[in-house]
Amino acid sequence: MSEWLSFIPAVALAVVLVFVPGFCFALALRIAYPHALLLGPLFSVGLVSVGAIVLDVVHLRWNIGNYAVFLAMAIVAVVILRWLIPRSSRNSQPVIFRSARQARSLIAGVIGASVGAAVITTQLVLILGKPDAISQSYDNIFHLNAVRQIAETGSGSSLTLNRIVSGSDGLSFYPGAWHDLVSLVFLSTGATVPGATNAVTFAVCAIAWPLSMVELARIIRPQSVLFTFATGAFSGVVVGFPTLMLKWGILYPNLLGYAVLPAATALVLCGMRVVAREELRGLLSLFVPVVLAGISLCLAHPNSVTSLAVLIGPVTLASAWNVLRQRQDHLRARLCAFTAVVVAILGIWVLVRPPASASVWPPKLPSGQASGEFITNSFNGNIADLVITLLVCTGAVLSARNPRLRWLTATWLITGVLWVVSASLSPGLLRSALTGSWYNDSFRLAALTSVPVVLLASAGASFLAQKAARWVRGRMPRLSDRSSRRLVFVGVTLVAICVAVGPTMRGTVAATAREFQVTEDSLLLTVDETRVLDKLAEVVAPDEMIAVNPWDGSSLAYGLEDRHVTQYHTLSATPDAYKPVSLRLREAATDPTVCRAVRDHHIRWYLDFDDTLHIGEWAEGQFAGFRGVEAADVVRPVVTSGGVGLYEIVGCGLW
């Protein structure tokens, strides 16, 4: 318990960083307080990533002090900009700039989000087990080492973050919003890199995601307080997000992008309504919020932008069709606006995607099973969630019968089709065209279905709860309206809690928790390897380097223990200066180029870990110099545990 208490300051700072900058920026834009509160995380993501780029350009170190200065300047700039732009009439302003009659909806949404946050927080505690647990997954090598690189170099720019893989000194793009947030927590609280990572995970999953979903619910059905409440509550009880995103990858950047995706969708819906009402002047006030939202998604993860295109595609087409059916003034202007959105969606679909060589994930299920997992919300082979299935199907039918909400059912079905394609369709042109933007990865698309699933489940729960309340009132005529409303909210809350503790979520949480456990055969770091790393800083000096094969997890000596290694990631090439060591270390006695490299670059140590799942067997030739190095008397053991250890390179003489 004490370790969790000491973890609270890191989580508190992470929550502040995820919420406060964007909230203040939204207020500076004159966005109404209720919407500013819910849009805060979306804007914070954009501000932190842009701030890191700007500070790098002006050669200032990335830290919380310089970031605060950047924020102050950004807020002053937007205040001046808003002062220069004349205010449009109140009625022509988008809804996010209006503050009337929103208190009840906001309170209900925040209470619902609190229920969702409590559920997600409990899930995360169970998954992590301890505050500094690490995901035993392939991608985590990059994420942990990237945070250490930002702390060391003082540069968090997304334009250069991928240097840790490319080895280039020039531009090397990787979306860095996640790593910028984690590095600020790491630099400011004294938490470990894994501890800072988990603190931001709590803030993103338990704060940003529920609030973003509530904002989308309030835009879709602004008059329904119960729907808003239910959306916040149900944000924590679906399999696809956030727990599934923590099981696979690990997909931290996608986790961040999807967490604020609903709020970005809400902004786009606001713009569409402005166009539909012929209040085109109101679009000007949405320019800065929409641009910043786009930056947030792109620098969290670019496929979040493609995901936005999926979510708004049906409503865009529906709105354009309604415009064509009407014979009113400004028809051409409105039609041009919707056409521009459609063109943008198509452009995003074609252009915002990784290279085909990176979209390598194969199908893994028969199409029938994939369809069943989508309908029953049982992704990844989980038990069918019958309660969510009932609520979603009810909500889908209700939305399909409502002309204004029909697009929501269509969106759910489209995300389902994409999931089925990625999970079951054979590799080929069609599969790549439809799901290549998500690396043909079914896990990312399963997570995307969570947005419409939460909304439809909330619509179904609201409808059924109200029906149940009327039935109760019919048999209890003395029950007051206030008591009846309270009964409805309590009923929705109880349903959410029952789903949260049901077998489907329990199975998902348990499966995800296994990915964070250190065992004798865990993927990245085993029990023995962790013991060696724990003593690394006591033996290896900060100016000394360690020879590693990154495929066995040993490159995490940099991210976890702040000691430099010869290769920081599995996908990076071994620098030419270190190749004599990785290729011919065992020949140090006869090959002078080996000892020259060892001496010139202070490569005093060799870290010998196990590639537990043999995922790096194909790259063994790049590290042939490490095979048999102990038998060649080139190294001597210094710290060992089991069959792994830290060795000093002695074949080149005394140090």
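Source: prediction; values computed, not measured.

(A) Region of the structure containing unusual backbone geometry. In this chain, Phe 241 is followed by Pro 242 through a cis amide linkage whose omega measures 0°. Residue position: Pro 242 is located in the loop between helix 9 (225-234) and helix 10 (243-247). Residue Ile 250 follows Gly 249 across a cis peptide bond; omega there is 5°. Inspection of the secondary structure assignment puts Ile 250 in the loop between helix 10 and helix 11 (252-276). Even without being a glycine, Asn 377 presents a positive backbone phi close to 55°.

(B) Molecular detail of the sheet that holds strand 2 (residues 564-565). If you walk across this open sheet you meet the five strands as 2-1-3-5-4, and the pairing is mixed. Two strands close off the open sheet at either side, each with one partner strand: strand 2 and strand 4 (635-641). Pairing geometry for strand 1 (residues 545-547) and strand 2, over two bridges, is parallel. Pairing of Met 545 across the sheet is with His 564, part of strand 2.

(C) Broad picture of the nonpolar core. Formed by 186 residues in total, the largest nonpolar core has its most connected members in Phe 234 and Leu 607. Tallying contributions element by element places helix 8 (residues 193-220) first for this core, with 18 residues. Apart from residues no more than four positions distant in its own chain, Leu 607 is found in contact with Val 532, Leu 533, Leu 536, Ile 546, Ala 547, Val 548, Ser 554, Ala 557, Gly 645 and Leu 646. Core analysis: the second largest hydrophobic core is formed by 22 residues, Met 545, Trp 551, Ile 603 and Tyr 647 among them.

(D) Just the pattern of salt bridges, in detail. Counted by the stated rule, this structure contains ten salt bridges. As a salt-bridge pair, Arg 531 and Asp 528 come within 3.2 Å of each other at their nearest N and O atoms. Of this pair, Arg 531 and Asp 528 both sit in helix 23 (residues 527-534), three residues apart, roughly one helical turn. The buried category is assigned to Asp 528, whose relative accessible area is 16%. With a closest N to O distance of 2.8 Å, Glu 648 and Arg 604 form a salt bridge. Here Arg 604 lies in strand 3 (residues 603-608) and Glu 648 lies in strand 5 (residues 644-649), a separation of 44 residues in the sequence. Among the ionic contacts, a cluster of salt bridges with common partners joins Glu 544, Arg 604, Arg 636 and Glu 648.

(E) Here's a closer look at the packing of aromatic side chains. Enumeration over the complete set of coordinates arrives at 23 aromatic pairs. Measuring from centroid to centroid gives 5.4 Å for Phe 19 and Phe 23, while their planes differ by 15°, and the two rings are stacked. Note that Phe 19 and Phe 23 are positioned in helix 1 (residues 2-28) at a spacing of four residues, about one turn of the helix. Owing to a relative accessible area of 17%, Phe 19 belongs among the buried residues under this scheme. One aromatic cluster is present, built from ring pairs that chain together Tyr 606, Phe 623, Phe 626 and Tyr 647. Seen from the ring of Phe 227, Arg 221 lies directly overhead, with NZ or CZ sitting 4.9 Å from the centre.

(F) Region of interest: the state of the cysteines. All told, the structure shown has one disulfide when counted by the stated rule. Linked covalently through their sulfurs, Cys 595 and Cys 652 form a disulfide whose S-S length is 2.1 Å. Looking along the S-S bond of the Cys 595-Cys 652 disulfide, the torsion reads about -90°, which is the left-handed sense. Taken together, the residues span a long stretch of sequence, with Cys 595 in helix 27 (residues 592-600) and Cys 652 in the segment after strand 5 at a distance of 57 residues. For the unlinked cysteine Cys 393, the closest cysteine sulfur is that of Cys 498, found at 19 Å.

(G) Up close: the layout of surface pockets. Of the volumes computed, that of the largest pocket is approximately 1100 Å³. Surrounding the largest pocket, 40 residues form its lining, Tyr 138, Asp 139, Tyr 439, Arg 444 and Leu 571 being those nearest its centre. When residues of the lining of the largest pocket are traced back to their parent elements, those giving at least two are helix 5 (140-153) and helix 11.

(H) Geometry of helix 2 (residues 33-57). The end-to-end C-alpha distance of helix 2, which contains 25 residues, comes to 33 Å, matching closely the 36 Å that a straight helix rising 1.5 Å per residue would cover. A maximum bend of about 50° is found in helix 2 at Leu 39, where proline Pro 41 lies one to four positions downstream. Counting buried residues in helix 2 gives 20 out of 25 residues, a clear majority hidden from the surface. Phi turns positive one or two residues past the end of helix 2, at His 59, with a value near 60°.

(I) Up close: empty space enclosed by the protein. A full pass over the atoms with the stated rule returns three cavities of 30 Å³ or more. Considering only enclosed or pocket space, the largest cavity measures out at about 60 Å³ in volume. Residue lining of the largest cavity: Tyr 138, Ile 141, Leu 523, Leu 524, Pro 550, Trp 551, Asp 552, Gly 553, Thr 570 and Ile 615, and that is the complete set. Its residues assigned to classes, the lining of the largest cavity shows seven nonpolar, two polar and one charged.

Thresholds, definitions, all that
Residues numbered from 1 in each chain as written. Predicted model: local features only at pLDDT ≥ 70, side-chain atom pairs only at ≥ 80, totals over all residues. Heavy atoms only, no water. Helix = DSSP H or I, 4+ residues; strand = E, 2+ residues; numbered from the N terminus. Pairing = 2+ DSSP bridges. Core = buried A, V, L, I, M, F, W, Y, C linked by side-chain atoms within 4.5 Å. Buried < 20%, exposed > 50% of the residue type's maximum accessible area, 1.4 Å probe, protein only. Contact = heavy atoms within 4.5 Å. Salt bridge = Lys/Arg side-chain N within 4 Å of Asp/Glu carboxyl O. Phe/Tyr/Trp six-rings, centres within 6.5 Å; stacked < 30°, edge-to-face > 60°. Lys NZ or Arg CZ within 6 Å of the ring centre and 35° of its normal. Disulfide = S-S within 2.5 Å. 1 Å grid on protein atoms, 1.4 Å probe; cavity = no way out; pocket = protein on both sides within 12 Å on 5 of 7 lines; lining within 4 Å. Points joined across faces, edges and corners; volume = space filled by probe spheres on them. Expected span 1.5 Å × (residues − 1). Bend = angle between axes of the 7 residues up to and from the residue. Nonpolar A, V, L, I, M, F, W, Y, C, P; charged D, E, K, R; others polar.

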